[in-house]
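Inside the fold
Single-letter residue listing:
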Amino acid sequence: MKTSALPWMLVLPVLLTLAVLAGVTWGSAQLGMGQVWAIVQHQIEQALGMQTAAPDWRMQQHQIVWMIRLPRVLMAALVGAGLSIVGVVMQAMVRNPLADPYMLGVSSGASVGAVSVLAWGVFAAVGLYAVAAGAFIGALLATVLVYLLARQGGRIPSARLILSGVAVGYMLTGLTSLVTLTAGQRDLANALLTWLLGSLAGTQWQALGLPAGMVLAGMLWLLAQARPLNALLAGDEAAATLGVAAERLRRQLFVVVSLLTGTMVAVSGAIGFVGLVHIIHSVLIGG
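Residues numbered from 1 in each chain as written. Predicted model: local features only at pLDDT ≥ 70, side-chain atom pairs only at ≥ 80, totals over all residues. Heavy atoms only, no water.

Tallying secondary structure elements over the chain gives 12 helices and zero strands in all. When the helices and strands of the chain are listed from N to C terminus, the series reads α-α-α-α-α-α-α-α-α-α-α-α. Burial analysis of the chain (287 residues in total) assigns 43% to the buried set. In the chain, the share of contacts with a sequence separation of at least 24, taken over all contacts with a separation of at least 6, comes to 70%. For the chain, the computed accessible surface area is about 15,700 Å², with 68% contributed by carbon and sulfur atoms. (Helix = DSSP H or I, 4+ residues; strand = E, 2+ residues; numbered from the N terminus. Buried < 20%, exposed > 50% of the residue type's maximum accessible area, 1.4 Å probe, protein only. Contact = heavy atoms within 4.5 Å. Areas by Shrake-Rupley, 256 points an atom, 1.4 Å probe, with all protein chains shown as cover.)

Before going further, it helps to spend a moment on helix α5 (residues 130–150). When the terminal C-alpha atoms of α5 are compared, their 30 Å separation across 21 residues agrees well with the 30 Å that a helix rising 1.5 Å per residue should span. Residues of α5 that are buried include every one of A130, V131, A132, G134, A135, G138, A139, A142, T143, V146, Y147 and A150, and no others. (Expected span 1.5 Å × (residues − 1).)

Every α-helix winds through 3.6 residues per turn, so residues three or four apart in the chain are directed the same way. Under the 1.5 Å per step criterion, the end-to-end length of helix α3 (residues 59–94) is 51 Å for 36 residues, consistent within 8% with the ideal 52 Å. Along α3, the sharpest change in direction is near 40 degrees and occurs at R69; proline P71 comes one to four residues later. Looking one or two residues past α3, R95 carries a phi angle of roughly 55 degrees, positive in sign. (Bend = angle between axes of the 7 residues up to and from the residue.)

Right, let's get into the side chain of T25. Counting through the fold element by element, T25 comes out in helix α1 (residues 5–25). Only 2.6 Å separates the side chain of T25 from the backbone oxygen of L21, close enough to count as a polar contact. (Polar contact = N/O pair within 3.5 Å; in protein donor to acceptor, adjacent residues only side chain to side chain.)

What follows deals with the nonpolar core. Counting 52 residues, the largest nonpolar core has M90, M93, L253 and V257 as the members making the most contacts within it. A per-element tally of this core places α3 first, with 11 residues. Look past the residues within four positions of M93 in its chain and what remains in contact with it is L232, R250, L253, F254 and V257. Grouped together as the second largest cluster of nonpolar side chains are 12 residues, V36, I64, V65 and V73 included. (Core = buried A, V, L, I, M, F, W, Y, C linked by side-chain atoms within 4.5 Å.)

Quick look at the structure:
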């Protein structure tokens, strides 16, 4: 671990906690941070079966904090974490600091799959996870298509991979628009357009389980692959000399990236501006 990264690892969890508290506190209904913390603590103590003091807040304030704002803020944190993990993996795969799932067309594929579920009821048999299943299948197919287009002579040049991803992304964005326009119902088309812009409105506690599990599983698996990923950053030839099967690892990473991206897109929509933030950050850090 680089010594320069240690201060950030200590500071960032604190900043995340403050951001969560600020997100729950600020809004159209003004609440004090102490009051928010008291409501959260009261709810946790109740869940653990502990004896709690009588609440000194209104039921409406409890509903705003625990049932509306906190699930949305936690979902935003999970989506940010998932997309951050995917961004790191993409950078290692293509050895380009600007790589992200939006640039490589993965999120566009996830959007096509999710919109198909919403418009036509595809994968309805899996019930609650239908949108996530559609988004994963769409992301995986987009990833495979990009992989096949970028492959040249048994290798995948970084520039060719990015160009293939951009081309596939534009094509799938047009396909998403076509599905939306041909949905047949005006209300459905409006709902699809709203979802494509990205939204956490309506997030409930039961919706947090899937993205939380995916982020945790993906992070643990990628931590176990830290050394091969570092070798991949040095190039396929250097990775081969270190005993890393670059092509096999890259195929595994494609599946993991598709799974994570599909899940994040399914629960939050196609929030493409995250890619813009990622690019600005890379430019500023790189400069």
